[in-house]
Amino acid sequence: MKLINSFLAEIDEKWKPVGGEPIGLRIIGSAALMLETDYERGTKDGDILETEGITPAVRGQLLSLAGIKSPLFEKYRMYLEVVLRAILFLPRDPVFHFVKGLSLKNFTLEEPL
């Protein structure tokens, strides 16, 4: 299993439901590229685009489980970062598609088309 898949699967396994699951995570940047290819990168952050589903409770638990300096960061040398939508240069209505090949209980994964 690819490192990014193992990382996301362990987040899913350790997740304590906050309501509204499954939560849609929009994976962007090199993390999205790693999901689709055998690409390995030098950076360690996995970017998730802020959406309405990323409530303060969701964001807090994601960063607690897999943010920088978390136990999962120590294990995988990779961490999650929630990116504000306003920071990115995205089309007004960006198109995302579901990531296939990784079945998670608490999350759905999407990436830019």
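As the structure is a prediction and not an experimental result, all values here were calculated from the model.

Visitor: So what's going on with the packing of helix α1 (residues 3–14) against helix α3 (residues 56–66)? Residues and values would help.
Guide: The contact between α1 and α3 brings their axes to 10 Å, and the two run at 120°. On the basis of the axis angle, α1 is oblique to α3. Classified by chirality, the crossing of α3 by α1 is right-handed. Side by side, α1 and α3 meet where Phe7, Ile11 and Lys14 of the first sit next to Gln61, Leu62, Leu65 and Ala66 of the second. Considering only residue class, the contact of α1 with α3 consists of five nonpolar, one polar and one charged.

Visitor: Can you break down the nonpolar core residue by residue, with the values?
Guide: By size, the foremost hydrophobic cluster in this structure holds 28 residues, and its most contacted members are Phe7, Ile11, Leu25 and Leu62. Among the secondary structure elements, those contributing two or more residues to this core are α1, β1 (23–28), α2 (30–36), α3, α4 (71–76), β3 (79–83) and β5 (107–112). Phe7 has contacts with Ala66, Leu72, Tyr76, Met78, Tyr79 and Leu80, leaving out every residue within four places of it along the chain.

Visitor: How would you explain the pairing of β3 if you had to name every residue and give the values?
Guide: Counting buried positions over the five residues of β3 gives four, a clear majority of the element. Note: strand β2 (residues 45–49) against β3, five bridges, orientation parallel. When the sheet's bridge partners are listed, Asp45 is paired in β3 with Tyr79.

Visitor: For α1, give the residues involved together with the corresponding values.
Guide: With 12 residues, α1 extends 17 Å from end C-alpha to end C-alpha; this agrees with the ideal 16 Å at 1.5 Å per step. Those residues of α1 that sit buried are Ile4, Asn5, Phe7, Leu8, Glu10, Ile11 and Asp12. Against the buried residues of α1 lie α2, α3, α4, β3 and β5.

Visitor: I'd like to hear about α3, residue by residue, with values.
Guide: The set of residues buried in α3 consists of Val58, Gln61, Leu62, Leu65 and Ala66. For α3, the buried positions fall inside an angular range of 100° around the axis, keeping them on one side. Projecting away from the buried face of α3 at angles above 90 degrees are the exposed residues Pro56 and Ser64. In this structure, the buried residues of α3 make contact with α1, β1, β2, α4, β3 and β5.

Visitor: Please set out the packing of aromatic side chains residue by residue, giving values where relevant.
Guide: Considering all chains together, one arrives at three aromatic pairs under this definition. Here Trp15 and Phe107 contribute two aromatic rings whose centre-to-centre distance is 4.9 Å and whose plane-to-plane angle is 70°, an arrangement assigned as edge-to-face. Residue Trp15 is located in the loop between α1 and β1, and its partner Phe107 is located in strand β5; the two are separated by 92 residues in the primary sequence. Here the two residues Trp15 and Phe107 agree in accessibility, since each one is buried. Ring geometry for Phe73 against Tyr79: centres 5.8 Å apart, planes inclined by 75°, an arrangement best described as edge-to-face.

Visitor: Give a description of the side chain of Ser70 that names residues and reports values.
Guide: Mapped onto the elements of the fold, Ser70 is located in the loop between α3 and α4. At a separation of 2.7 Å, a polar atom in the side chain of Ser70 contacts the main-chain carbonyl oxygen of Gly67. If near-sequence neighbours (up to four positions away) are discounted, Ser70 is found in contact with Leu63, Ser64 and Leu65.

Conventions used here
- Residues numbered from 1 in each chain as written.
- Predicted model: local features only at pLDDT ≥ 70, side-chain atom pairs only at ≥ 80, totals over all residues.
- Heavy atoms only, no water.
- Axes fitted to C-alpha atoms, helices over the stretch in contact; angles between N-to-C directions.
- Helix = DSSP H or I, 4+ residues; strand = E, 2+ residues; numbered from the N terminus.
- Parallel < 35°, antiparallel > 145°, perpendicular 65-115°, else oblique.
- Left-handed = near helix turned anticlockwise from the far one by under 90°.
- Contact = heavy atoms within 4.5 Å.
- Nonpolar A, V, L, I, M, F, W, Y, C, P; charged D, E, K, R; others polar.
- Core = buried A, V, L, I, M, F, W, Y, C linked by side-chain atoms within 4.5 Å.
- Buried < 20%, exposed > 50% of the residue type's maximum accessible area, 1.4 Å probe, protein only.
- Pairing = 2+ DSSP bridges.
- Expected span 1.5 Å × (residues − 1).
- Arc of directions from axis to C-beta.
- Phe/Tyr/Trp six-rings, centres within 6.5 Å; stacked < 30°, edge-to-face > 60°.
- Polar contact = N/O pair within 3.5 Å; in protein donor to acceptor, adjacent residues only side chain to side chain.

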